[in-house]
Amino acid sequence: MPVHFNDKKRITTKTLHEMKKSNHKISMLTAYDYTMAKIIDAGGADVILVGDSASNVMAGHETTLPITLDQMIYHSASVVRGAERAMVVTDLPFGSYQGNSKEALSSAIKIMKESGAHAVKLEGGNEVLESVKRILTAGIPVMGHLGLTPQSIYKFGTYSVRAQEEEEAKQLMNDAIELQEAGVFGIVLEKVPAHLAEKISRKLRIPVIGIGAGNSCDGQVLVSHDMFGMTHEFSPRFLRRYLNLYDEMKNAVNQYCLDVQIGDFPNDKEQY
Ligand code: KIV
């Protein structure tokens, strides 16, 4: 069983900072609904991320771009109802914060008010700094997201590893420092070389949560449907599958269909 840093109380931004200071790794997983949030909370994840990956995982879109603020609110409110200990961080979706900082603030206020989430996450560095600062003025905790930023997929054209070249690595480090100085409580670092993630994690006072960013980050995040093996088409090197639920669930459906066909379900004990 994992050792809980703070067994009873709700995890907050303060807890996450204390965890970084005492070298206690932070575990974060995505959830988009109440039942999954309850399981992940009971399993001991410190942070539940209502990722805009809901656009792929829940709605079957190819990218994260189509999901709307109202859809994110629906997912986030469901997760909040299922999470007792974990801090719930929700993604600001594409188009809800890039326009200008006023729009970013009203999107952040709307999602916090209507979902009950504890913080927002948004993608980007220097280009979103003004929005980050404005959201923070309302007392809303903000998490950054650097490296592979799926909302910019059409700009980059590929989901491959980012910041392999010196110049991009330097830019990434600068962005991380600027976000920290602006006041974000943590940063997700996605798909960057492990040695760069280590450098950034050491440099920053705030927790760095990695996905495909090696073992030296202050914590790790995975998409829970990938980690449970419910999805099976997607197999990046960084993904560890802890279960093979795709096959288990498919076999259960097979068995159910068979039982219905042969008249075995329901049996005498399963009826009134
Ligand atoms: O949307 C998401 O699930 C994310 C994680 C991959 C970090 O942002």
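Details of the structure are given in the entry above.
Right, let's walk through the structure included here. (Residues numbered from 1 in each chain as written. Predicted model: local features only at pLDDT ≥ 70, side-chain atom pairs only at ≥ 80, totals over all residues. Heavy atoms only, no water.)

A closer look at the overall build of the chain
What counts is decided by this rule: We count a stretch as a helix when DSSP gives it H or I for four or more residues in a row; a strand needs E for two or more, and each element gets its number in order from the N terminus. We compute the radius of gyration from the C-alpha atoms alone; for a globule the expected value is 2.2 Å times N to the 0.38, where N is the number of residues. Relative accessibility under 20% of the residue-type maximum defines a buried residue, over 50% an exposed one, and the middle range a partly exposed one, all with a 1.4 Å probe and only protein chains included.
Within the chain one finds eleven helices and eight strands. Over its C-alpha atoms the chain spans a radius of gyration of 20 Å, differing by no more than 12% from the 19 Å that the globule rule assigns to 272 residues. Over its C-alpha atoms, taken along the principal directions, the chain stretches across nearly 65 × 40 × 40 Å. Per-residue burial for the chain yields a buried fraction of 50% across its 272 residues.

With respect to the sheet that holds strand β5 (residues 142–147)
To keep things clear, this is the line we draw: Pairing between strands is defined by DSSP: at least two bridges between them are needed. Axis lines are fitted through C-alpha atoms, for helices just across the contact stretch, and the angle between N-to-C directions can take any value from 0 to 180 degrees.
With respect to topology, eight strands assemble into a closed barrel ordered β1-β2-β3-β4-β5-β6-β7-β8, the strand pairing being parallel. Along the sheet, successive strands turn relative to each other by an average axial angle of 25 degrees, direction set aside. Sheet topology places strand β1 (residues 26–30) next to strand β8 (residues 219–222); four bridges connect them, and they run parallel. Residue pairing across strands places leucine 29 opposite leucine 222, the latter belonging to β8.

Considering a nonpolar patch on the surface
The test is simple: Note that patches include only residues with greater than 30% relative accessible area and no salt bridge, and the join distances are 9 Å for like charges and 5 Å for nonpolar side chains (Val, Leu, Ile, Met, Phe, Trp, Tyr). Computed with a 1.4 Å probe, the accessible areas rest on the Shrake-Rupley method; for each residue, only the protein chains presented here act as cover. In the sections that follow, a salt bridge refers to a side-chain nitrogen of Lys or Arg positioned within 4 Å of a carboxyl oxygen of Asp or Glu.
A surface patch of nonpolar side chains, amounting to about 290 Å² of accessible area, comprises Tyr256, Val260 and Phe265. Relative to the helices and strands, tyrosine 256 is located in helix α11 (residues 245–261). Judged by its relative accessible area of 48%, tyrosine 256 falls in the partly exposed class.

Here's the deal with the packing of aromatic side chains
For the record, the criterion: Between the rings of Phe, Tyr and Trp (Trp by its six-membered ring), a pair exists once the centres lie within 6.5 Å; its type follows the angle of the planes, with under 30 degrees stacked, over 60 edge-to-face, and the other angles tilted. Cation placement over rings: the criterion is NZ of Lys or CZ of Arg within 6 Å of the ring centroid and within 35° of the ring normal.
Tallied over the entire structure, the rule returns one aromatic pair. For the cation-ring pair, arginine 162 lies above phenylalanine 156, with the distance from its terminal atom to the ring centre recorded as 4.1 Å.

As for unusual backbone geometry
Cis peptide bonds are those with omega within 30 degrees of zero, and the linkage from phenylalanine 265 to proline 266 qualifies with -5 degrees. Turning to its location among the elements, proline 266 is positioned in the segment after α11. Residue asparagine 23 is not a glycine yet carries a positive backbone phi of 55 degrees. Along the polypeptide, asparagine 23 turns up in the loop between α1 (13–21) and β1.

Digging into the pairing of β5
Test applied: Note on handedness: a clockwise path from strand one over the helix to strand two, with the strands aimed away from the viewer, defines a right-handed crossover.
By the criterion of burial, β5 is predominantly enclosed, with six of the six residues buried. In this fold, the crossover linking strand β4 (residues 119–121) to β5 by way of helix α6 (residues 129–137) has right-handed handedness. As paired strands, β5 and strand β6 (residues 186–190) are joined by five bridges and run parallel to one another. Across the sheet, residue leucine 146 finds its bridge partner in β6, namely leucine 189.

So, α1
Applied cut-off: The arc refers to the directions leading from the helix axis to the C-beta atoms. Two residues qualify as a contact provided that any one of their heavy atoms is within 4.5 Å of a heavy atom in the partner residue.
Restricting attention to buried positions, one finds in α1 the residues Thr15, Leu16, Met19 and Lys20. The buried side chains of α1 occupy one side of the element, clustering within an arc of 140 degrees when seen end-on. Residues of α1 that are exposed and angled more than 90 degrees away from the buried face: Lys14 and Lys21. Summarising the contacts, the buried residues of α1 are in contact with β1, β2 (47–50), β3 (87–91) and α9 (194–203). Asparagine 23, located one to two residues past α1, shows a positive phi value of around 55 degrees.

What to know about the site of the ligand
Condition: Nearness is judged by heavy atoms alone; a residue qualifies as near a molecule or strand once a single heavy atom is within 4 Å of it. N or O atoms within 3.5 Å of each other form a polar contact, as long as, within protein, one can give a hydrogen and the other can take it, and as long as residues adjacent in sequence are counted only when both atoms are side-chain atoms. In this classification, Asp, Glu, Lys and Arg are treated as charged, Ala, Val, Leu, Ile, Met, Phe, Trp, Tyr, Cys and Pro as nonpolar, and every other residue, Gly included, as polar.
Looking at the ligand, the residues that line it are Thr30, Leu49, Gly51, Asp52, Ser53, Asp91, Lys121, His145, Val188, Ile211 and Val223. A distance of 3.2 Å is found between an oxygen atom of the ligand and a side-chain nitrogen or oxygen belonging to aspartate 91. In the complex, 94% of the free accessible area of the ligand, which totals 260 Å², lies under the protein chains. Looking at the shell around the ligand residue by residue, the class counts come to four nonpolar, four polar and three charged.

A look at the pattern of salt bridges
When charged atoms on two side chains of opposite charge get close, those side chains can pair. In the structure shown here, the tally under the stated rule is eight salt bridges. The salt bridge involving lysine 121 is made with aspartate 91; its shortest N-O contact spans 2.8 Å. Taken as a pair, lysine 121 in strand β4 and aspartate 91 in strand β3 lie far apart in primary sequence, 30 residues in all. Judged by relative accessible area, which is 3%, aspartate 91 ranks as buried. A salt bridge links arginine 205 to glutamate 181, with the nearest nitrogen and oxygen atoms 3.7 Å apart. Taken as a pair, arginine 205 in the loop between α9 and β7 (208–211) and glutamate 181 in helix α8 (residues 166–182) lie far apart in primary sequence, 24 residues in all. In this structure, arginine 205 and glutamate 181 share a single accessibility class: exposed. Bridged by salt links that share partners, the residues Asp70, Lys110 and Glu114 form one connected network.

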